[in-house]
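If you want the building blocks of each chain, they are given just below.
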Amino acid sequence: MKLQKLFEAAIEIGIDADPRGRKMIEKKLKKTAEQAKKLEGREKEYFDQERTWNPYSDSRIINGSGDEEIHTVAVGVDIETPEMLLIDRLRENGMKIDAAFIHHPEGRALADLEKVMPMQVDIMMLTGVPVNHAEALIRPRMDRIWRSIHADNLFRTERAAELLKIPAFCCHTPTDNLVWGFMEKNICKKEYDDLGEILNAISDIPEYKHYAKKGNPPIIVNGSRGGRPGKIFATEFTGGTNGPEDFMELQSRAGVGTILSMHVPEKMVEEAKKHNVNMIQCSHMASDSLGINLMLDKLGKLEKKLNVVEISGFIRVKR
Ligand SMILES: [Fe+2]
Ligand SMILES: [Fe+2]
């Protein structure tokens, strides 16, 4: 399958798994495309055409024309210059690798990361938080993320890929949507006597089991093994990056008892303690691997000869 086709398929799969639902996303894309047609001069010159069909600003092809034939992808959670050199060495040693599948965004996908964050408002709404409260808090957090990433050296990986002639694409929120849906359905919707039972249920999932055996199990960062979970939500699994700390109070008031998260900043732990919300930090790499695996399972149905080389935190588990 051609790179562009493979990437477009990944975006479509991401939309189907999106907490906002396909209808709402298509409406937004249509609006953007209509607005884009009216742009002139400087605004037209700087407009990112990708935004008219791909709702995920943190996912895009960062190197390649799209016309490259892809059978084997090197898949990693973080692929930066060292991993590009690794791919180059592997190719030198005779391994066939047609492209890099990068999870955490690089290049423009990183520069535009904060633009996927408004979907967090919809994730909050699913817990019962009123839309006006969530919307009021997301914008300042988006501005902070934008400013902090703005200072980064954004295009190092992209340049390494160009020089080494490795087609590469970032696929971030589409796969995070898949793992979010998986956790909501397979973990959050079930009944548990206590948090310990949730840890056990998470650890039974192959990716988490693999990481637990290597010393990176899911852990309780607020609450105790014997504590009762209340209502469980995986609100920290998709939406670009962690939400504002103030989301904790909103969720507590909305009746959320336990939050599952890929990673929890210290400030968030403090807020969880203040508002009596249990928090489980599931292994970050296991969580991202699970999302990528669900994506690869779906892509594998479209491209029967899709081979995977696991690098940088990713482990392949087929379902
Ligand atoms: Fe992720
Ligand atoms: Fe991640």
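Residues numbered from 1 in each chain as written. Chains lettered and ligands numbered in written order. Predicted model: local features only at pLDDT ≥ 70, side-chain atom pairs only at ≥ 80, totals over all residues.

**A few points about the overall build of the protein**
1) Next: The helix and strand inventory of the protein stands at 14 helices and 9 strands.
2) Next: At 20 Å, the protein has a C-alpha radius of gyration in line with the 20 Å of a compact globule built from 319 residues.
3) Next: Taken along its principal axes, the extent of the C-alpha atoms in the protein is 55 × 50 × 35 Å.
4) Next: Among the 319 residues that make up the protein, the fraction classed as buried is 44%. (Helix = DSSP H or I, 4+ residues; strand = E, 2+ residues; numbered from the N terminus. Rg over C-alpha atoms; globule rule 2.2 N^0.38 Å. Buried ≥ 20, exposed ≤ 12 C-beta atoms within 10 Å, placed from the backbone.)

**Quick word on the sheet that holds strand S6 (residues 231-236)**
1) Next: Reading across the sheet, the 4 strands line up as S5-S8-S7-S6 and stay open at both edges, with mixed pairing between neighbours. Among the strands making up the open sheet, the edge pair consists of strand S5 (219-222) and S6. Direction aside, the axes of adjacent strands within the sheet are offset by 30 degrees on average.
2) Next: Across 3 bridges, the pairing between S5 and strand S8 (residues 278-281) is antiparallel. When the bridges of S8 are listed, Ile 219 appears paired with Gln 281.
3) Next: Sheet contacts for helix H10 (residues 195-203): S5, strand S7 (256-261) and S8; angle to S8, the most-contacted strand, approximately 20 degrees.
4) Next: Across the sheet, helix H13 (residues 266-274) lies against S5 and S8, angled at about 70 degrees from S5, the strand it touches most. (Pairing = 2+ DSSP bridges. Axes fitted to C-alpha atoms, helices over the stretch in contact; angles between N-to-C directions. Contact = placed C-beta atoms within 7 Å.)

**A closer look at the sheet that holds strand S1 (residues 60-63)**
1) Next: Ordered by their spatial adjacency, 5 strands build an open sheet running S1-S4-S3-S2-S9, and the pairing between neighbours is mixed. Among the strands making up the open sheet, the edge pair consists of S1 and strand S9 (307-310). Strand after strand, the sheet turns through a mean of 30 degrees between neighbouring axes, direction not considered.
2) Next: As judged from the 4 bridges shared by strand S2 (residues 72-76) and S9, these two strands associate in the parallel manner. Of the residues in S9, the one forming a bridge with Thr 72 is Asn 307.
3) Next: Sheet strands in contact with helix H8 (residues 156-164) are S1, strand S3 (99-102) and strand S4 (168-170), and its direction is about 60 degrees off that of S1.

**Topic: the pairing of S3**
1) Next: Residues Ala 99 and Phe 101 line one face of S3 and the alternating positions Ala 100 and Ile 102 line the opposite face, and both faces are buried.
2) Next: Looking at chain direction, S2 and S3 are connected through 4 bridges and run parallel. Paired with Ala 74 across the two strands is Ala 100, which belongs to S3.
3) Next: For the segment spanning S2, helix H4 (residues 81-92) and S3, crossover handedness is right-handed.
4) Next: As paired elements, S3 and S4 share 3 bridges and run parallel to each other. Counted as the bridge partner of Phe 101 is Phe 169 from S4. (Right-handed = clockwise from strand over helix to strand, strands pointing away.)

**Brief notes about the pairing of S8**
1) Next: Of the two faces of S8, both are covered, the one formed by Asn 278 and Ile 280 as well as the one formed by Met 279 and Gln 281.
2) Next: Once you follow S7 into H13 and on to S8, the crossover reads as right-handed.

**Details of the packing of helix H1 (residues 3-16) against helix H9 (residues 173-188)**
1) Next: Close contact between H1 and H9 brings their axes to 8 Å; oriented N to C, the two are set at 35 degrees. The handedness of the crossing between H1 and H9 comes out as left-handed. For the pair formed by H1 and H9, the contact residues are Ala 10, Ile 11, Ile 13 and Gly 14 on the first element and Thr 173, Pro 174 and Asn 177 on the second.
2) Next: Residue composition of the contact of H1 with H9, by class: 4 nonpolar, 3 polar and no charged. (Left-handed = near helix turned anticlockwise from the far one by under 90°. Nonpolar A, V, L, I, M, F, W, Y, C, P; charged D, E, K, R; others polar.)

**Regarding the domain arrangement of the protein**
For an interface, size is often stated in terms of accessible area lost upon the parts coming together.
1) Next: What the domain assignment lists for the protein is domain 1 (3-174 + 287-310) and domain 2 (179-284).
2) Next: Between the C-alpha centres of domain 1 and domain 2 there is a distance of 25 Å.
3) Next: Each partner contributes to the interface: domain 1 provides 29 residues, whereas domain 2 provides 26 residues.
4) Next: For the side of domain 1 that touches domain 2, the elements supplying multiple residues, two or more each, are helix H6 (119-127), helix H7 (131-150) and helix H14 (284-302).
5) Next: Looking at the side of domain 1 that touches domain 2, its residues break down into 16 nonpolar, 9 polar and 4 charged. (Domains from an automatic or database assignment.)

**Concerning helix H11 (residues 206-213)**
1) Next: Of all the residues in H11, the buried ones are Glu 207, Tyr 208 and Tyr 211. Angularly, the buried residues of H11 cover 95 degrees about the axis, an arc narrow enough to put them on a single face.
2) Next: Looking at the buried positions of H11, the neighbouring elements they touch are H10 and H14.
3) Next: Backbone geometry just after H11 places Gly 215 at a positive phi near 90 degrees. (Arc of directions from axis to C-beta.)

**A short note on unusual backbone geometry**
1) Next: One non-glycine residue with positive phi stands out, namely Asn 276, at about 55 degrees.
2) Next: Along the chain, Asn 276 turns up in the loop between H13 and S8.
3) Next: The exposure class of Asn 276 is partly exposed, given the 13 C-beta atoms found within 10 Å.
4) Next: Non-glycine residue Ser 312 carries a positive phi angle of around 45 degrees.
5) Next: On the basis of neighbour counts, which here come to 19 C-beta atoms within 10 Å, the residue Ser 312 falls in the partly exposed class.

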